[in-house]
Amino acid sequence: MKNRLLSYGIISLVLGLTSCHTNDSVKFQFDSKKIVSGKKIAIKDIAPQLPTDWDEYDYVTIEFRSTTPQRFQLGFTTDSGYNELRLISYVPNAWNKLTIPLRFFRELPVAKHDIAATSNQPRITGWINLGGKRGSLTGVDSIGIRMRAPIDNPTIELRSIALSKDDPGDRYLENKPAFDKFGQWNLGDYEGKIYSEEQLQKEWLQEETEINETENFNYSRYGGYLNKRVKSTGFFRTEQIDDRWWLIDPDGYLFLSYGVDCVAPVGDYYTKNTDKCTNMFQELPSRELFIESENISPETHTASFGIWNLYRRYGKNYLDRAAEMTIKRMDKWGLNTLANWSDKTIYDKNRKAFILPLENIGFENELMGLMDVYDNGIEKKMDEAIARNVAKYKNNHWLIGYFIGNEPAWISKENRLCSLILNGKDRPIKTELQNFLKESGDTPDTRKTFIYNTFEKLMKAISKSLKKNDPNHLNLGIRYGYIEQLDDELLRISKESFDALSFNCYALSPDHEKNESCFGNLWVTDDYRGVPLRDSRQRTRTIPVASELTKRKRRCFSVLYRKRLCSPRAHRYRLVPMDRSEHQRTHRRGELQLRFYRRYRQALSLYGRCGYRSSQIAI
């Protein structure tokens, strides 16, 4: 009987993957008045032929249409409970086929050095971010879709669910191209949309004549506030003034960093896998425009609408002119910082304060973002890597400081990391862990203690090396992924190792009670990266305080960010970027400097990449 049922299921699934679509669909309506809105629907109401035991299958494919680019959670109820992950549709208002590997529900992700590398899984028609539980897929009886803080009562329609052993791939299912020749969202109209190259040239010309009409932000040459000056040292530093912590610019002016991550003259990474994006593009740019770009070969199915639009505007020598326009726009909008992962074409001009990440200093995937600090040779290798990173910039007055790492994946997963070490290859950290557990006992608490001890040893070694190789600039910390995961011990280690505690906030707004309990009146910049500071000269251990005004701003920007990005009228934010201003690091990261939205009509266009995440801002 079971074999007959399985055979019938396979036949029906093949039909589900290859037959014409029915007109029936199930609609999920989300209520914008609720913090979380969604519902569950019985699988049999959508795909009555599907079995309830999915352990024989490796992929589930859904056909869906969303009215919003806003992220949503999709999950299944099984014998072991409800299990979900997070999805983003690249193309709102269009039917898409998206295939999800079922291992994402069954298995823990492969160990990587940071949260993004661990959890982000790009597909052709959507973006998958891993979360939820892991377990067997038996007794599957319902599908649930929910959305946090939905904007403008969006809807998602679902018309098909299918299972398969092999990956059937993803597919954009509409006949009308999703993106036009400028890289814009092509499935609707909106204010500010470009309809011709003549219109685009006209707007560019208008910008050229208006760009110098900058507001008076009362900035010093480095971006500090001219109305308050203290001692100058020639480099950025921190100081507590009237019970409030400030960055101080090289000339001694108080400095509040307003910046955007990933600023670059070219507005996008490359749109990848264009050969698999059937019907998605009205027209692709010529390969000759970017054939000599780094890591791009003639054989790759890759395109860049950002470069195409820059070429339209500036011709072959677009790079330097685009960089100049980027700086002028930053002047106009009051942005004083080139934040993390920005392009050296711009920060090497030494006209804006900037931040650098330390790269390739030794964080390991196998150790979920730690290093084997018990290896006698590791500190020498790390010190040499840090020296290479800072050599060019250690005397640069425009550099604020360094992020030493990003969102380590091991935090709150210390038990799993210890298991990976114990089950992994023989190495010094494995021996050290075995001896520690033998002496202290093998419990979740002792495992956590060992990982914390390892982390502290590593952070102090990095801090020491950075201060030796570059005594002029700030250690901005490791950019934790979630502030709620930072307990008192991690905070102590951080305060003793860094000049600033940095974190990325993915909540709708920061947890103010957590902030208060950890830091007092925490200063959080508008890009949701918290930076409570200590005096970089005296290296004191006092906890910084901050302005209530900043916290009020933060709440306002939170609402503005979501409404501007996720409103159906803001579907231009699902665009392949144009040179007019290109925005890509997005609502998934929550890292956008939200003051940027003051000029959003002039500034932003967002696109969903085929098979690769949007991940760069160019202005």
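Above this text you will find the structure in question.
Worth saying up front: this structure is predicted, and the values here are computed from it rather than measured.

Rules used throughout
Residues numbered from 1 in each chain as written. Predicted model: local features only at pLDDT ≥ 70, side-chain atom pairs only at ≥ 80, totals over all residues. Heavy atoms only, no water. Buried < 20%, exposed > 50% of the residue type's maximum accessible area, 1.4 Å probe, protein only. Helix = DSSP H or I, 4+ residues; strand = E, 2+ residues; numbered from the N terminus. Pairing = 2+ DSSP bridges. Core = buried A, V, L, I, M, F, W, Y, C linked by side-chain atoms within 4.5 Å. Contact = heavy atoms within 4.5 Å. Phe/Tyr/Trp six-rings, centres within 6.5 Å; stacked < 30°, edge-to-face > 60°. Lys NZ or Arg CZ within 6 Å of the ring centre and 35° of its normal. Salt bridge = Lys/Arg side-chain N within 4 Å of Asp/Glu carboxyl O. Axes fitted to C-alpha atoms, helices over the stretch in contact; angles between N-to-C directions. Polar contact = N/O pair within 3.5 Å; in protein donor to acceptor, adjacent residues only side chain to side chain.

Draft legend 1. Spatial organisation of the pairing of strand E4 (residues 72-78). For E4, the buried fraction is high: seven of the seven residues fall into the buried class. Alternating positions in E4 separate into two faces, Phe-72, Leu-74, Phe-76 and Thr-78 on one and Gln-73, Gly-75 and Thr-77 on the other, with burial throughout. Pairing between E4 and strand E5 (residues 81-89): seven bridges, direction antiparallel. In the strand pairing of E5, Thr-78 is matched with Gly-81. In this antiparallel pair of consecutive strands, E4 and E5, the connection spans two residues.

Draft legend 2. Representation of the nonpolar core in the model. Grouped together as the largest cluster of nonpolar side chains are 80 residues, with contacts concentrated most on Ile-400, Trp-410, Phe-455, Ile-462 and Tyr-480. By residue number, the principal contributor to this core is helix H11 (residues 444-469), which donates nine residues. Apart from residues lying up to four places away in sequence, Tyr-480 is in contact with Glu-407, Pro-408, Ile-411, Phe-455, Leu-486, Leu-490, Ser-494, Phe-498, Leu-501, Ser-502, Phe-503 and Asn-504. Ranked by size, the runner-up nonpolar core spans 34 residues in total, among them Ile-43, Trp-54, Val-60 and Ile-100.

Draft legend 3. Representation of the packing of aromatic side chains. Under the defined criterion, the tally for this structure stands at 19 aromatic pairs. Measuring from ring centre to ring centre gives 6.3 Å for Tyr-222 and Phe-236, while their planes differ by 80°; the resulting arrangement is edge-to-face. With Tyr-222 in the loop between helix H4 (197-210) and strand E12 (225-229) and Phe-236 in the loop between E12 and strand E13 (237-241), the pair connects residues that are 14 residues apart, well separated along the chain. Judged on exposure class, the residue Tyr-222 and its partner Phe-236 are both buried. Ring centres of Tyr-222 and Trp-398 lie 4.5 Å apart, and the angle between their planes is 55°; this geometry places the pair in the tilted category. Placement of the pair is Tyr-222 in the loop between H4 and E12 and Trp-398 in the loop between helix H8 (378-390) and strand E21 (399-403), with a sequence separation of 176 residues. Judged by relative accessible area, which is 14%, Trp-398 ranks as buried. Ring pairing ties together the aromatic residues Phe-179, Phe-281, Phe-305 and Trp-308, which thus form one cluster. Positioned above the aromatic ring of Trp-95 is the side chain of Arg-159, whose terminal nitrogen or guanidinium carbon lies 4.1 Å from the ring centre.

Draft legend 4. Expanded view of the pattern of salt bridges. Under the counting rule described, the total for this entry stands at 32 salt bridges. Lys-392 is paired through a salt bridge with Asp-348; the nearest N and O atoms lie 3.0 Å apart. Note that Lys-392 is positioned in the loop between H8 and E21 and Asp-348 in the loop between helix H7 (344-347) and strand E20 (353-357), a separation of 44 residues in sequence. Judged by its relative accessible area of 29%, Asp-348 falls in the partly exposed class.

Draft legend 5. Examining the sheet that holds E4 more closely. Spatial ordering of the open sheet is given by E2-E9-E4-E5-E8-E7, a layout of six strands whose pairing is antiparallel. Each having just a single partner strand, strand E2 (36-42) and strand E7 (120-122) make up the two edges of the open sheet. Going from strand to strand, the sheet's axes swing by 25° on average, the running direction of each strand aside. With seven bridges joining them, E2 and strand E9 (residues 142-148) adopt antiparallel strand pairing. Bridging across to E9, Ile-41 finds its partner in Ile-143.

Draft legend 6. Focus on the environment of Glu-63. Note that Glu-63 resides in strand E3 (residues 59-66). The spatial distance from the C-alpha of Glu-63 to the C-alpha of Thr-99 is 8.9 Å, given a sequence separation of 36 residues. At 3.0 Å, the side chain of Glu-63 and the side chain of Arg-159 are in polar contact.

Draft legend 7. Spotlight on the environment of Thr-67. With respect to the helices and strands, the residue Thr-67 is situated in the loop between E3 and E4. Take Thr-67: its relative accessible area is 24%, and that puts it in the partly exposed class. For the pair formed by Thr-67 and Asp-152, sequence separation is 85 residues and the distance between their alpha carbons is 9.9 Å. Only 3.0 Å separates the side chain of Thr-67 from the backbone nitrogen of Thr-155, close enough to count as a polar contact.

Draft legend 8. Focus on the sheet that holds strand E16 (residues 259-260). What the five strands build is an open sheet, ordered E16-E19-E20-E21-E22; its pairing is parallel. Taken across any chain shown, the strands that pair with only one partner, and hence form the sheet edges, are E16 and strand E22 (474-475). With two bridges joining them, E16 and strand E19 (residues 337-338) adopt parallel strand pairing. Looking across to E19, one finds that Val-260 is bridged to Leu-338.

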